[in-house]
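Structural characterization, general
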Amino acid sequence: MQELLQLFKLGGFVLPLLILLAVIALAIIGNRFWVLRKARIAPRDLAPRVTDLVEVGKVQQAVKLLYENDTPLARLMLVALQQAGQPRDVIKESVEESGRHEVAHLDRFLNFLGSIAGVSPLLGLLGTVFGIMHAFAAIGMVGAGDPKALASGIAEALITTASGLIVAIPSLMFYRYFKGQVDGLVLAIEKEALKVVNIVSGGTGR
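Just so it is clear, the structure is predicted and the values come from calculations on it, not from any experiment.

Conventions used here
Residues numbered from 1 in each chain as written. Predicted model: local features only at pLDDT ≥ 70, side-chain atom pairs only at ≥ 80, totals over all residues. Heavy atoms only, no water. Helix = DSSP H or I, 4+ residues; strand = E, 2+ residues; numbered from the N terminus. Buried < 20%, exposed > 50% of the residue type's maximum accessible area, 1.4 Å probe, protein only. Contact = heavy atoms within 4.5 Å. Arc of directions from axis to C-beta. Salt bridge = Lys/Arg side-chain N within 4 Å of Asp/Glu carboxyl O. Core = buried A, V, L, I, M, F, W, Y, C linked by side-chain atoms within 4.5 Å. Phe/Tyr/Trp six-rings, centres within 6.5 Å; stacked < 30°, edge-to-face > 60°. Lys NZ or Arg CZ within 6 Å of the ring centre and 35° of its normal. Patch = residues over 30% accessible without salt bridge, like charges linked within 9 Å, V, L, I, M, F, W, Y side chains within 5 Å. Areas by Shrake-Rupley, 256 points an atom, 1.4 Å probe, with all protein chains shown as cover.

Tallying secondary structure elements over the protein chain gives 9 helices and 0 strands in all. Reading the secondary structure of the protein chain in the N-to-C direction produces α-α-α-α-α-α-α-α-α. A burial count over the protein chain gives 38% of its 206 residues as buried. Partitioning the contacts of the protein chain with sequence separation of at least 6, the portion at a separation of at least 24 is 75%.

Quick look at helix 4 (residues 46-55) now. Taken residue by residue, helix 4 has Leu46, Ala47, Val50, Thr51, Leu53 and Val54 as its buried positions. The arc that holds every buried residue of helix 4, seen down its axis, measures 160°, which confines them to one face. One or two positions beyond helix 4, positive phi appears at Gly57, with a value near 85°.

With that settled, consider the pattern of salt bridges. Between side chains of opposite charge, pairing is possible as soon as their charged atoms come close. Enumeration over the complete set of coordinates arrives at 5 salt bridges. The partner of Asp107 in a salt bridge is Lys179, and the shortest N-O contact between them spans 3.3 Å. Here the residue Asp107 occupies a position in the loop between helix 7 (88-106) and helix 8 (110-142), and Lys179 occupies one in helix 9 (residues 147-201), the gap between them amounting to 72 residues. Here Asp107 falls in the buried class, since its relative accessible area comes to 18%. The network of salt bridges with shared partners includes Asp70, Arg75 and Glu102.

The biggest cluster of nonpolar side chains holds 45 residues, and the ones touching the most others in it are Val50, Leu66, Met77 and Leu113. The element contributing the most residues to this core is helix 9, with 11 residues.

Next up on the list: unusual backbone geometry. The backbone of Asp70 shows a phi angle near 50°, a positive value even though the residue is not glycine. Relative to the helices and strands, Asp70 is located in the loop between helix 5 (59-69) and helix 6 (72-82). Of note in the backbone geometry, Phe109 takes a positive phi value of approximately 75° without being a glycine. Within the secondary structure, Phe109 sits in the loop between helix 7 and helix 8. For Phe109, a relative accessible area of 37% puts it in the partly exposed group.

Attention now moves to the packing of aromatic side chains. The tally for this structure, following the rule as stated, stands at 5 aromatic pairs. Each ring, one from Phe33 and one from Phe174, has its centre 5.8 Å from the other, and the planes form 80°; the classification is edge-to-face. Of this pair, Phe33 sits in helix 2 (residues 14-35) while Phe174 is found in helix 9, placing the two residues 141 residues apart along the sequence. Judged by relative accessible area, which is 40%, Phe33 ranks as partly exposed. A cation over an aromatic ring shows up here: Arg37 above the ring of Trp34, its NZ or CZ 3.9 Å from the ring centre.

Nonpolar side chains collect at one region of the surface, where Leu122, Leu125, Val129 and Met133 lie side by side and expose about 390 Å² of accessible area between them. Of note, Leu122 is situated in helix 8. You can call Leu122 exposed: its relative accessible area is 57%.

Put into structure tokens, the structure is as follows:
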């Protein structure tokens, strides 16, 4: 415990900022893992149940089912049903516009996670600069013959550099991973919603 406190002190004012960013990044990662589960975005049995109801003319039951479900897939399919009677292109455009709104919701916090990935190395570099400045200040005061005088500045430089990379690398990896997840999920729910578009517009295929 004392060693950790010592490292914390040696890290200067930059290290607490990096620790705060690390905590925020972990919170965002945990939140996105919870939110971006496929069962919460596109329940497996929802699309078949809705399309079956629509095909036999039970549109009101399908609408009720979608209102009760309240997932991104349900909202897109509901848009399609609410546009029933319109030309296929109009319905499809409405579904795709609704899909863009869902992307904004699913993307929530990801831009901030990406910013953490970009800022953390810069904060680490800033800590490195301050550490080197402290080392040179120590040389100016006691000369270069006392390694203990340099140790604090060098330690600050190394600790902040490493900490910045430790925060940035996982943040960037999870940012890329979640962006891919969002793109894949949105394509999946749009594909399912367009099945309803085809039914209510009397069309076939995409």
